[in-house]
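# Structural description and commentary
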Amino acid sequence: MRKLKFLVHWIPLALSIVALPLAASAYYLGITHSDTIIYEQGSLDSEEAADVAARALADAQAANETASTILSLLEGGSVLITLIVGAVAIVFTLNLRDLREDLEAQANANQEKIESTLRSREAELALLTEQVRTLANESRQQIERLTTTINEQLEEARNRAERSFRVLTLQMLAEQQVRARNYDTAISQLREAYELEQDNLSTNYLLGYLYVIKRQFEEALFYLRRALERDPEFAPALAALGLALRRLGDQEEDIVRRNQLWAEAELNLTKALNLEPGMLDADGESYFGTLGGLYRRQHRYTDAAFAYDQAVKVTPKSSYPIGNLAVLYTYLGRREEASELFARVEHLVRGIIEDNPGDYWARFDLAQSLLIQGKLEEAFAQYQDIITRKPPLSAYRSALSTLEFLAESPHEIVGMQDVLTLLRDVINNLEN
């Protein structure tokens, strides 16, 4: 049917072609039969009038025939036009149906395209929705895990803070006990702190140092080395380790082992003093004094004198380094320098004893300085006073070691043997 669509364009031309001959025919007939003769009244006779009338009748009949012909032509044209209009109507109807079908097909295609697009968009939306849901679930799980981790970390931090506060409290209490020389209680408190934080630097150092004082050197080495594992440059632990090794070497009978311990002690002491030259021990004494004592035991007297001199510079108001330097000068025969230093010691320790009568180290220094200066009666009185105060065995051993060293000096010291005998008897009684 779509092939008939071209007729729509040719129908107006066809109508024009049909109408043109009809109009020409009508025009022609009208011209050929329109010659009417007009006569004036009275100008014709009877015969002429009859002839005119006859001719008029004939013309009328001819005009009637012409009219009939025109009408026939018009009727024929109308039929043709009717046919053409009918054809046009049919073609138009067919085209209209085709147009409707085309429009319906286009509409269906558009509808299908729209539905396909909608289905595609719905699929994309469903996919995006699922992705968003998945991401939301993952985010929620991550947030939950993060929240759990944070809560665990906060709880651990709170527990660590509580432990650290408890450890710090125990350390402070232990330091108070150390100042009161109540070492066993201090060790007990520090052991509790150690159980809470076994890697705590200060706890390990303090425990090690107290075990040095208690002359439990193996325990001391264990805790001091643990402290140095945390901080190899921690000067107090290095110095305390040097002190422990020196004292452990003092009591070692095997010469090779003793020298090994003393060498290790020197290494730790010198490293500590290089880091902190002004460092003091728990008694407020310079570790240069400890180093000087080590050199003296190794018969390195020049090095010992230098170390004691450094200790005097660090603690000029302490009798310990001054007294040891005086002892060394006495041993070396430098009597004038030694006498000056012993007098200085006497002056210092009298002030210390006045402020703290229970300071047995100051009393040992005073008794020794009085002995060297020849004030024998007062010196023996001081030793007897010391015995009544019951200092620890380690203090007697230290005092005896110094006096035995002095006894080897080139000049005899009056009363020295009596004092040595007294101290040896006290040590024997305490050991038994």
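Calculation criteria
- Residues numbered from 1 in each chain as written.
- Predicted model: local features only at pLDDT ≥ 70, side-chain atom pairs only at ≥ 80, totals over all residues.
- Heavy atoms only, no water.
- Axes fitted to C-alpha atoms, helices over the stretch in contact; angles between N-to-C directions.
- Helix = DSSP H or I, 4+ residues; strand = E, 2+ residues; numbered from the N terminus.
- Parallel < 35°, antiparallel > 145°, perpendicular 65-115°, else oblique.
- Left-handed = near helix turned anticlockwise from the far one by under 90°.
- Contact = heavy atoms within 4.5 Å.
- Nonpolar A, V, L, I, M, F, W, Y, C, P; charged D, E, K, R; others polar.
- 1 Å grid on protein atoms, 1.4 Å probe; cavity = no way out; pocket = protein on both sides within 12 Å on 5 of 7 lines; lining within 4 Å.
- Points joined across faces, edges and corners; volume = space filled by probe spheres on them.
- Expected span 1.5 Å × (residues − 1).
- Buried < 20%, exposed > 50% of the residue type's maximum accessible area, 1.4 Å probe, protein only.
- Phe/Tyr/Trp six-rings, centres within 6.5 Å; stacked < 30°, edge-to-face > 60°.
- Lys NZ or Arg CZ within 6 Å of the ring centre and 35° of its normal.
- Polar contact = N/O pair within 3.5 Å; in protein donor to acceptor, adjacent residues only side chain to side chain.
- Patch = residues over 30% accessible without salt bridge, like charges linked within 9 Å, V, L, I, M, F, W, Y side chains within 5 Å.
- Areas by Shrake-Rupley, 256 points an atom, 1.4 Å probe, with all protein chains shown as cover.
- Salt bridge = Lys/Arg side-chain N within 4 Å of Asp/Glu carboxyl O.
- pLDDT = per-residue confidence, 0-100.

### Quick notes on the packing of helix α5 (residues 217–230) against helix α6 (residues 235–250)
- Two elements in contact, α5 and α6, have axes whose closest approach is 10 Å; the angle formed by their N-to-C orientations is 155 degrees. By the angle class used here, α5 and α6 are roughly antiparallel. Crossing of α5 against α6: the hand is left-handed. The segment α5 lies against α6, with Phe217, Glu218, Leu221, Leu224, Arg225, Ala227 and Leu228 engaging Ala237, Leu238, Ala240, Leu241, Ala244, Leu245, Arg247 and Leu248.
- Here the residues of the contact of α5 with α6 are counted per class, giving twelve nonpolar, no polar and three charged.

### A word on the layout of surface pockets
- Its boundaries defined by the atoms lining it, the second largest pocket holds a volume of some 390 Å³.
- If you trace the second largest pocket, you find 17 residues lining it, with Glu175, Val178, Arg179, Ala282 and Asp283 closest to the centre.
- For the lining of the second largest pocket, the secondary-structure elements that each account for two or more residues are α2 (46–179) and α4 (201–213).
- Sort the elements by how many residues they give to the lining of the second largest pocket and α4 lands first, with five residues.
- Residues that form the lining of the second largest pocket fall into these classes: nine nonpolar, two polar and six charged.

### Some remarks on the packing of helix α8 (residues 287–297) against helix α10 (residues 319–331)
- Relative orientation of the contacting elements α8 and α10 amounts to 20 degrees, with a least axis distance of 10 Å. Of the possible angle classes, the one that applies to α8 and α10 is roughly parallel. Crossing angle aside, the handedness with which α8 passes α10 is left-handed. Note on element contacts: α10 touches α8 through Tyr320, Asn324, Val327 and Leu328, opposite Gly289, Thr290 and Arg296.
- In the contact of α8 with α10, the residues fall into three nonpolar, three polar and one charged.

### What about helix α12 (residues 360–372)?
- Helix length check: α12 (13 residues) gives 18 Å between terminal C-alpha atoms against 18 Å at 1.5 Å per residue, within 8%.
- All buried positions along α12 are accounted for by Tyr360, Ala362, Arg363, Phe364, Asp365, Leu366, Ala367, Gln368, Ser369, Leu370 and Leu371.
- Buried residues along α12 sit against α10, α11 (335–355), α13 (376–389), α14 (393–406) and α15 (416–431).
- Gly374 sits one or two positions beyond α12 and adopts a positive phi of about 85 degrees.

### Examining the packing of aromatic side chains
- Tallied over the entire structure, the rule returns eleven aromatic pairs.
- Relative to Phe234, the ring of Tyr205 has its centre 5.7 Å away and its plane inclined at 90 degrees; by these criteria the two rings are edge-to-face. Of this pair, Tyr205 sits in helix α4 while Phe234 sits in the loop between α5 and α6, placing them 29 residues apart in sequence.
- Clustering of aromatic rings is evident, with ring pairs tying together Tyr194, Tyr211, Phe222 and Tyr223.
- Here the basic side chain of Arg296 rests over the ring of Phe405, its NZ or CZ set 4.6 Å away from the ring centre.

### Thoughts on α4
- Helix length check: α4, at 13 residues, gives a terminal C-alpha distance of 19 Å against a target of 18 Å (1.5 Å per residue), a fit within 8%.
- Here α4 lies mainly inside the structure; eleven of its 13 residues are buried.
- Of all the positions in α4, only Thr203, Asn204, Tyr205, Leu206, Leu207, Gly208, Tyr209, Leu210, Tyr211, Val212 and Ile213 are classed as buried.
- Capping the start of α4 is the job of one residue whose side-chain oxygen sits 3.1 Å from the backbone nitrogen of Ser202: Asn200.
- Where α4 ends, the next residue or the one after it, Arg215, has phi of about 60 degrees, a positive value.

### Brief notes about a nonpolar patch on the surface
- On the surface, a cluster of nonpolar side chains totalling about 290 Å² of accessible area is made up of Leu96, Leu99 and Leu103.
- Summarising the element assignment, Leu103 is placed in helix α2.

### Looking at the confidence of the model for the protein
- Taken over all residues, the pLDDT of the protein has a mean of 83, while the share at 70 or more is 80%.
- pLDDT under 50 marks residues 2–8. Its contacts with residues more than four places away, or in other chains, come to eleven contacts.
- Contacts of residues 33–41 to residues separated by more than four positions or lying in other chains number eight contacts, the stretch itself having pLDDT below 50.

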